[in-house]
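Below are the chains, spelled out letter by letter.
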Amino acid sequence: MSKAVSHRPGSTTGSGRPLASLAGLLRDWLPRQRWFAGKDRPVTDLSVLSLTELFPGCLHLLVHTGGGVPAPGGTPPAGDCYQLLLSVRKQLAPRLDRAFIGRAEEGSLAGLAVYDALYDPRAAQLLLERLRRPGTAGPLRFESDAAARVPGGLAPRLLDAEQSNSSLVYGDAYILKVFRRIQPGVNPDLEVPGALAAQGCARVPAPVAWFRTEEPWPATLGVLQPFLPDAADGWTLALRALVAGDDFTTEAHELGRAVAEVHLALATAFPPGVHGETSRTVAAMTARLDAAARCVPALAPFVPGLRTAFAALATCDAGPPAQRIHGDVHLGQVLRAGEDWFVIDFEGEPSRPLSERCSAQSPVRDIAGMLRSFDYAARQRRPWRPDWARLCREAFCAGYAARAGWDPRTKHALLRAHETDRAVYEVLYEARHRPDWLPVPMAAIERLAVRGG
Ligand SMILES: Nc1ncnc2c1ncn2[C@@H]1O[C@H](COP(=O)(O)OP(=O)(O)O)[C@@H](O)[C@H]1O
Ligand SMILES: O=P(O)(O)O[C@H]1O[C@H](CO)[C@@H](O[C@H]2O[C@H](CO)[C@@H](O)[C@H](O)[C@H]2O)[C@H](O)[C@H]1O
């Protein structure tokens, strides 16, 4: 039986010494996780917002770092909230080495090994069982599409890839994405695929079950959707083509069509947006650039040149109307199964506030994301293959135009501004998560600032 453990939000000691002991271990472990956003500051404060015994031996936690203590049900505080599933054992089997968080030193957990339960097949199976049978566990709510029939007993495996979240694949039939950084509200990765499926859009795997919390505020915690078993992601396929010296333009053209179809479905599924005033877009892009330059000094010399890309928006054609978009389009977010491209991960850029990610924006933002991704792929090759990226870019835009009815290549200033904004985001992302990759977006920054495109 699951039960909610009574716990005073904001305290690491509300349930006694075990929490204090856990908090100590988590302060060291959290910053080492790829999905941890606050890598640029030490975890000095950590509070437990909610703690639920999901099943015997497995605790579900929402923890908060980097800000004031949040009030229950109140306004979300500054800082970040993370979802953790933790288990304890006397000894960890070697196959759970990667899951090890630390050994508790005090309280009732003293001497026990604390580990990330998502690596434990038993815990992963029990989590799927909860999703198969809608119900509650303390503040947690497990829900499903009434038409979905998820079979029991599917063998779980945790995807190794370093991602923004953690994903479990069950029997190559379903994939459960467990969100790590939790923001109040419905996660777009539940909301958007659900709305697109209702439109009959076949480009997106539709959610079949999900779980969410009511405390400390309503938020989505995880989504189960069909797994595309023989799919390969666009990044893997593009690199394979580059290594083999193959052309990728047919794939890029089809990708352009797929992204355009998703945009058309999004425009129908969500009420059309009002075009934000251009001056506000310019101000927002400029503010993001200035903030990024404060964190990554290498950007500073390019700031004046990059600002001209944003300023040009004031005098150029406004382009297509604002609408709901994907928000973080790149080659890793598209999967090819058979001849078809699918689009996944509608969370948007993980570091942006949820309200911003759900607001109507220019679809050019998504197009710019994919164009940047061709550049990223081309730069994985020595020597660099700018011609490969250029041909993919042309083909993607042509495919997009064939389906959307307008051609991104005719909106040069708009594209340049959005590619610049995206490259600035990438500089910050790489500086925080993969410093070795920083030269990739920096090369684009130099090109966009100095040569203008
Ligand atoms: N429906 C699916 N079918 C097959 N593979 C998937 C599916 N959804 C996600 N994946 C795989 O899982 C990886 C992580 O998914 P993604 O939604 O991008 O998570 P994250 O937000 O953690 O980046 C993808 O790169 C892809 O390889
Ligand atoms: O984790 P997400 O898939 O939500 O996206 C984040 O991580 C991506 C890297 O995994 C990052 O993408 C950047 O690197 C890609 C190559 O690894 C490249 O194809 C993309 O064009 C580039 O932006 C993405 O920006 C970030 O939000």
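This text gives an overview of the structure that appears in the document. None of the values given here were measured: they were computed from a predicted structure.

Counting its secondary structure elements, the chain contains twelve helices and 17 strands. Relative to the compact-globule value of 22 Å for 453 residues, the chain shows a C-alpha radius of gyration of 23 Å, a close match. Across its three principal directions, the C-alpha atoms of the chain cover 65 × 45 × 45 Å. For the chain, buried positions account for 53% of its 453 residues. Put simply, of all contacts in the chain between residues at least 6 apart along the chain, 66% involve residues at least 24 apart. A total accessible area of about 19,100 Å² is found for the chain, and carbon and sulfur atoms account for 54% of it.

Overall, antiparallel pairing links the three strands, which are arranged β15-β16-β17 in an open sheet. Because the sheet does not close on itself, it has two edges, and the strands there are β15 (232-233) and β17 (340-343). Both strand β16 (residues 334-337) and β17 contribute to a ladder of four bridges, which runs antiparallel. Looking at β17, one finds that Ala337 is bridged to Asp340.

On to the pattern of salt bridges. For the structure on display, the rule yields 34 salt bridges. Of the charged contacts, one joins Arg212 and Glu214 as a salt bridge, the two residues approaching to 2.6 Å between their closest N and O atoms. Relative accessible area serves as the criterion here: at 25%, Arg212 is assigned to the partly exposed category. One salt bridge connects Arg365 with Asp421, and the closest N-O pair in it is separated by 2.7 Å. Within this pair, whereas Arg365 is found in helix α9 (residues 364-378), its partner Asp421 is found in helix α11 (residues 412-433), the two being separated by 56 residues in sequence.

Okay, the site of ligand 1 next. Gln163, Asn165, Lys177, Gln225 and Leu228 are the nearest of the 17 residues found near ligand 1. The side chain of Lys177 places a nitrogen or oxygen atom 2.9 Å from an oxygen atom of ligand 1. For ligand 1, a nitrogen atom lies 2.9 Å from a polar atom in the side chain of Gln225. Computed on the free molecule, ligand 1 has an accessible area of 550 Å², of which 89% lies beneath the protein chains in the complex. Secondary structure elements with two or more residues in the shell around ligand 1: β11 (174-178) and β14 (219-226). For the shell around ligand 1, the per-class residue count stands at eight nonpolar, six polar and three charged. Both domains that furnish three or more residues to the shell around ligand 1 are identified here as domain 1 (4-226) and domain 2 (232-451).

Conventions used here
Residues numbered from 1 in each chain as written. Chains lettered and ligands numbered in written order. Predicted model: local features only at pLDDT ≥ 70, side-chain atom pairs only at ≥ 80, totals over all residues. Heavy atoms only, no water. Helix = DSSP H or I, 4+ residues; strand = E, 2+ residues; numbered from the N terminus. Rg over C-alpha atoms; globule rule 2.2 N^0.38 Å. Buried < 20%, exposed > 50% of the residue type's maximum accessible area, 1.4 Å probe, protein only. Contact = heavy atoms within 4.5 Å. Areas by Shrake-Rupley, 256 points an atom, 1.4 Å probe, with all protein chains shown as cover. Pairing = 2+ DSSP bridges. Salt bridge = Lys/Arg side-chain N within 4 Å of Asp/Glu carboxyl O. Near = heavy atom within 4 Å. Polar contact = N/O pair within 3.5 Å; in protein donor to acceptor, adjacent residues only side chain to side chain. Nonpolar A, V, L, I, M, F, W, Y, C, P; charged D, E, K, R; others polar. Domains from an automatic or database assignment.

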